[in-house]
Amino acid sequence: MNRRPIMFVPSDFTIDENTVLGFEDCRFIQHLGWDLLNVDVYKEHFQGHMNLEGWDICTPDHPELFINKIEAYIKQEESSL
């Protein structure tokens, strides 16, 4: 069985303007330390167009808070158009 790739995103991640993020078949997991994980990617900044598929995304934040931060960014971008 293949292991799902793991991405660690810190609480203070940033997102560039005009960035498009898509999450498909991703699991959001609260984890307090990236050094305790066998991570494939440490992602503190998002830019461009990203469609993440099949990732385990770990963050120190509760998954709901992490998703709310991304949604708040999207709403902020839409209101500035």
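Please refer to the structure placed before this passage.
Here the residue numbering is sequential within each chain, running from 1 through the sequence in written order. Reporting in this predicted model follows two pLDDT cut-offs: at least 70 for local features of residues, and 80 or more for side-chain atom pairs to be given and counted; totals over whole chains, interfaces and linings ignore these cut-offs and use all residues. The basis for the side-chain values is all heavy atoms of the structure; hydrogens and waters are excluded.

Description of the packing of aromatic side chains
Geometry of aromatic contacts follows a simple scheme: Phe, Tyr and Trp rings, the Trp one being its six-membered ring, pair when their centres are within 6.5 Å, and the pair is stacked under 30 degrees between planes, edge-to-face over 60, tilted otherwise. Enumeration according to the criterion identifies five aromatic pairs in this entry. Between the aromatic rings of Phe13 and Phe46, the centroid separation amounts to 5.9 Å while the plane-to-plane angle is 90 degrees, which identifies the pairing as edge-to-face. Of the two residues, Phe13 is situated in the loop between β1 (6–8) and β2 (14–15) and Phe46 in strand β6 (residues 45–46); the sequence distance between them amounts to 33 residues. For Phe46, a relative accessible area of 1% corresponds to the buried category. Ring plane angle 55 degrees and centroid distance 5.3 Å describe the contact between Phe13 and Phe66, whose orientation is recorded as tilted. In this pair, Phe13 is assigned in the loop between β1 and β2 and Phe66 in helix α1 (residues 63–79), connecting sequence segments 53 residues apart. For every residue, the accessible area (1.4 Å probe, protein chains only) is compared with the maximum for its type, and the residue is labelled buried under 20%, exposed over 50%, or partly exposed between those bounds. With a relative accessible area of 12%, Phe13 lands in the buried category. Secondary structure follows DSSP: runs of H or I at least 4 residues long count as helices, runs of E at least 2 residues long count as strands, and numbering of each begins at the N terminus.

Regarding the sheet that holds strand β8 (residues 56–59)
The strand order across the open sheet built from four strands is β4-β8-β1-β5, with neighbouring strands paired in parallel fashion. Each having just a single partner strand, β4 (27–30) and β5 (41–42) make up the two edges of the open sheet. In short, DSSP must find at least two bridges between two strands for them to pair.

Regarding the pattern of salt bridges
Here, a salt bridge means any side-chain nitrogen of Lys or Arg that lies within 4 Å of a carboxyl oxygen of Asp or Glu. Overall, the coordinates contain five salt bridges when judged by the stated rule. When the shortest N-O distance is used, the salt bridge between Asp56 and Arg4 registers 2.8 Å. One end of the pair, Asp56, is in strand β8; the other, Arg4, is in the segment before β1, and 52 residues separate them in sequence. Residue classification places Asp56 among the buried residues on the basis of a relative accessible area of 9%. A salt bridge links Lys69 to Asp61, with the nearest nitrogen and oxygen atoms 2.8 Å apart. Relative accessible area serves as the criterion here: at 29%, Lys69 is assigned to the partly exposed category. Note on Asp61: relative accessible area 9%, which makes it buried.

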